[in-house]
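Notes for the structure review
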Amino acid sequence: MKSRSALFMLLPIAALLVGCSQIEDTAGQVVEDTVSEVTSAAASEVQAQICTLVEDGLAGLEDKELLGSLVSAAETAGVTTEITEPLARIAEAGDEVPSESVNDLQEACEAPSS
């Protein structure tokens, strides 16, 4: 009789453990989703700043400095390489702003987001 009683006590404990595991999985997914949303929002914000600076096709030295300061943020936020590569070329350029890189940025900014 004792073994049967012990079995009945183990069932609620097993159910509790399964429930805890499901809660842990759900909580983990919520955290993952939240991190993904924050990362996506950060990438969108950095990309919007970059695109605003090049939308008229004219990028002077002041714009170049601002664009150069956004390279690290763009890469960290996960902005696409279509944006980060020409952005990095602009940052690495000397006193001249490479017009081809500005054009590449404009095209990337105008492309529909996927």
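This text follows the structure it describes.
Residues numbered from 1 in each chain as written. Predicted model: local features only at pLDDT ≥ 70, side-chain atom pairs only at ≥ 80, totals over all residues. Heavy atoms only, no water.

Digging into the pattern of salt bridges
As enumerated under the stated definition, the model contains 1 salt bridge in all. In this structure, the salt-bridge partner of Asp 104 is Arg 89, at a minimum N-O distance of 2.7 Å. In this pair, Asp 104 is assigned in helix α5 (residues 99-110) and Arg 89 in helix α4 (residues 81-92), connecting sequence segments 15 residues apart. (Salt bridge = Lys/Arg side-chain N within 4 Å of Asp/Glu carboxyl O. Helix = DSSP H or I, 4+ residues; strand = E, 2+ residues; numbered from the N terminus.)

Quick word on the side chain of Asp 63
With respect to the helices and strands, the residue Asp 63 is situated in helix α2 (residues 61-69). Although Asp 63 is buried, it forms no salt bridge, and the closest oppositely charged side chain is Lys 64 at an N-O distance of 12 Å. Those residues in contact with Asp 63, other than ones at most four positions away along the chain, are Leu 53 and Leu 58. (Buried < 20%, exposed > 50% of the residue type's maximum accessible area, 1.4 Å probe, protein only. Lys, Arg positive; Asp, Glu negative; His and termini not counted. Contact = heavy atoms within 4.5 Å.)

Examining the packing of α2 against α4
Two elements in contact, α2 and α4, have axes whose closest approach is 8 Å; the angle formed by their N-to-C orientations is 125°. Accordingly, the angle class assigned to the pair α2 and α4 is oblique. The hand of the α2/α4 crossing is left-handed. Residues Lys 64, Leu 67 and Gly 68 of α2 pack against Leu 87, Ile 90 and Ala 91 of α4. Classifying every residue of the contact of α2 with α4 by side-chain character gives 4 nonpolar, 1 polar and 1 charged. (Axes fitted to C-alpha atoms, helices over the stretch in contact; angles between N-to-C directions. Parallel < 35°, antiparallel > 145°, perpendicular 65-115°, else oblique. Left-handed = near helix turned anticlockwise from the far one by under 90°. Nonpolar A, V, L, I, M, F, W, Y, C, P; charged D, E, K, R; others polar.)

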